[in-house]
Every structure is written in structure tokens, then in C-alpha cells.
Amino acid sequence: MRAKLLDFGLQLGTKMIALLVALTQETDGRISLVVQVYPAMGESYLSPHLKLILQSDPGEVLQEVESRGQDICIQLRPFKVEPGTHFSLQVILGEISITESFVV
């Protein structure tokens with residue numbers, strides 16, 4: 001399990017969130033992933049309309065979830081990939097987008 005702080009900067013009042021990715025090796029050789037987003041730096045709730053998007057390597061949207069008014073966390077549906085798979089996680093709040101690329 002790993003987490004990374006994402007900073008949306010001064011445009012949004014220094015909103016920071018934590019992107020959490022948990023990996024589990026499956027018996028069939030694939031890797032199971034759980035991806036969550038939490039508020040960080042003293043915030044109790046995520047900003048409304050914060051989007052978390054899973055994209056394939058060519059940029060196809062595979063999953064998308066959006067926060068509501070008082071969510072303390074949002075999570076993609078767990079998914080499985082083969083070792084060596086490339087994918088991206090995109091977090092969008094307002095006009096600002098942060099994309100993190102991964103190879104499992």
C-alpha cells in the first residue's frame with residue numbers, strides 16, 4: 001500500500017488530497033488493485049465534484065467516480081491487471097487535473 005499527497009495549489013485554496021493505491025498478488029498471477037482518495041492536511045471531507053478516473057494506457061476511461069457533498073473518501077471498484085500493465089489515475093477538481101501514470 002502506498003499513498004501520495006496531491007496538491008491542487010493556490011488556484012483552489014491549497015486543497016491537498018491523499019491518493020492511496022493498494023496492491024495484492026493473486027494466486028493466478030494477476031495483481032488486484034484498490035484505489036482511494038482521502039482529504040489531507042486537516043480537511044474532514046473531500047471537495048464536492050472531485051473526480052477520480054482510471055484510464056488505460058491509450059487513454060480510454062475504464063472507471064470514474066465523483067465525490068458528493070460530505071464524502072470522506074471515494075474509491076474505484078477494485079480491479080485486476082496482468083504484471084507489466086500500464087494505466088493512469090487522473091484526479092480532477094474544477095479546472096485542475098493531476099495525472100499519475102503507473103506500471104504494475
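Look up: the structure comes first, before these words.
Remember, predicted model here, so these are calculated numbers, not experimental data. Sequence order as written defines the numbering, with residues in each chain counted from 1. Whole-chain, interface and lining totals are the exception, using all residues; otherwise, since this is a predicted model, local features are given only for residues with pLDDT of at least 70 and side-chain atom pairs are given and counted only at 80 or more. Values shown for side chains rest on all heavy atoms present in the structure; no hydrogens or waters enter the calculation.

Participant: Explanation requested: the side chain of Ser 32 in the structure shown.
Facilitator: Helix numbers and strand numbers start at the N terminus; a helix is a DSSP run of H or I with at least 4 residues, a strand a run of E with at least 2. Mapped onto the elements of the fold, Ser 32 is located in strand 3 (residues 31-39). A relative accessible area of 14% means that Ser 32 is categorised as buried. For Ser 32, the residues in contact, after removing those within four places along its chain, are Ala 22, Leu 23, Thr 24, Glu 26, Phe 79 and Lys 80. Burial classes follow relative accessibility: with a 1.4 Å probe on protein chains only, a residue under 20% of its type's maximum area counts as buried, one over 50% as exposed, and anything between as partly exposed. The contact criterion used throughout is that any non-hydrogen atoms of two residues lie within 4.5 Å.

Participant: Quick question: what am I supposed to make of the nonpolar core here?
Facilitator: In summary, soluble globular proteins display a tendency toward joint burial of nonpolar side chains. What makes a nonpolar core is a set of buried Ala, Val, Leu, Ile, Met, Phe, Trp, Tyr and Cys residues whose side-chain atoms join them at distances within 4.5 Å. By size, the foremost hydrophobic cluster in this structure holds 23 residues, and its most contacted members are Phe 8, Ile 17, Val 35, Val 37, Leu 50, Leu 52 and Leu 89. Sorting the residues of this core by element identifies strand 2 (16-25), strand 3, strand 4 (51-56), strand 7 (79-81), strand 8 (86-93) and strand 9 (96-103) as the ones contributing at least two each. Not counting chain neighbours up to four residues away, the residues in contact with Leu 52 comprise Leu 19, Val 35, Val 37, Gln 63, Glu 64, Val 65, Ile 74, Leu 76, Gln 90 and Val 91.

Participant: Where do I start with the pattern of salt bridges in this structure?
Facilitator: We define a salt bridge as a side-chain nitrogen of Lys or Arg found within 4 Å of a carboxyl oxygen belonging to Asp or Glu. Evaluated as defined, the whole model comprises five salt bridges. Close ionic contact of Glu 100 with Lys 4 constitutes a salt bridge, the shortest N to O distance being 3.1 Å. Taken as a pair, Glu 100 in strand 9 and Lys 4 in strand 1 (residues 2-7) lie far apart in primary sequence, 96 residues in all. When the shortest N-O distance is used, the salt bridge between Arg 30 and Asp 28 registers 3.0 Å.

Participant: What is the right way to look at the packing of aromatic side chains in this model?
Facilitator: Geometry of an aromatic ring pair is reported as the spacing of the ring centres plus the angle between the planes. Here the aromatic set is Phe, Tyr and Trp, taking the six-membered ring for Trp, and pairing holds for ring centres within 6.5 Å; pairs whose planes are under 30 degrees apart are stacked, those over 60 apart are edge-to-face, and all others are tilted. In total, this model carries two aromatic pairs according to the counting rule given. Taking the centre distance of 5.7 Å and the plane angle of 90° together, the rings of Phe 79 and Phe 87 count as edge-to-face. The exposure classification of Phe 79 matches that of Phe 87, with both residues buried. Look at Phe 87 and Phe 102: their rings are 5.3 Å apart centre to centre, the planes differ by 15°, and that puts the pair in the stacked class. Highlighted residues: Phe 87 in strand 8 and Phe 102 in strand 9, separated in sequence by 15 residues.

Participant: I keep staring at the environment of Lys 4 and nothing clicks. Help me out?
Facilitator: Taking the relative accessible area as the measure of exposure, Lys 4 reaches 41% and is therefore partly exposed. A sequence separation of 15 residues divides Lys 4 from Leu 19, and the C-alpha atoms of the two residues are 5.2 Å apart. When near neighbours in sequence (up to four residues on either side) are disregarded, Lys 4 contacts Ile 17, Ala 18, Leu 19 and Glu 100. In this structure the side chain of Lys 4 is engaged in a polar contact, spanning 3.1 Å, whose partner is the side chain of Glu 100. Between N or O atoms, a polar contact is any pair within 3.5 Å; within protein, one atom must be a potential hydrogen donor and the other a potential acceptor, and residues adjacent in sequence are included only when both atoms are from side chains.

Participant: It is not clear to me how the pairing of strand 4 should be interpreted in this structure. Could you clarify?
Facilitator: The side chains of a regular strand alternate, residue by residue, between the two faces of the sheet. Counted residue by residue, strand 4 has five buried out of six residues, so it is predominantly covered. What makes two strands pair is DSSP finding at least two bridges between them. For strand 4 and strand 5 (residues 61-66), the ladder comprises five bridges, and the chain directions are antiparallel. The residue of strand 5 that forms the bridge with Leu 52 is Val 65. Between strand 4 and the antiparallel strand that follows it, strand 5, lie four residues; Gly 59 among them carries a positive phi value of about 100°. Note: strand 4 against strand 8, six bridges, orientation antiparallel. Each bridged residue has a counterpart across the sheet, and for Ile 53 the counterpart in strand 8 is Gln 90.

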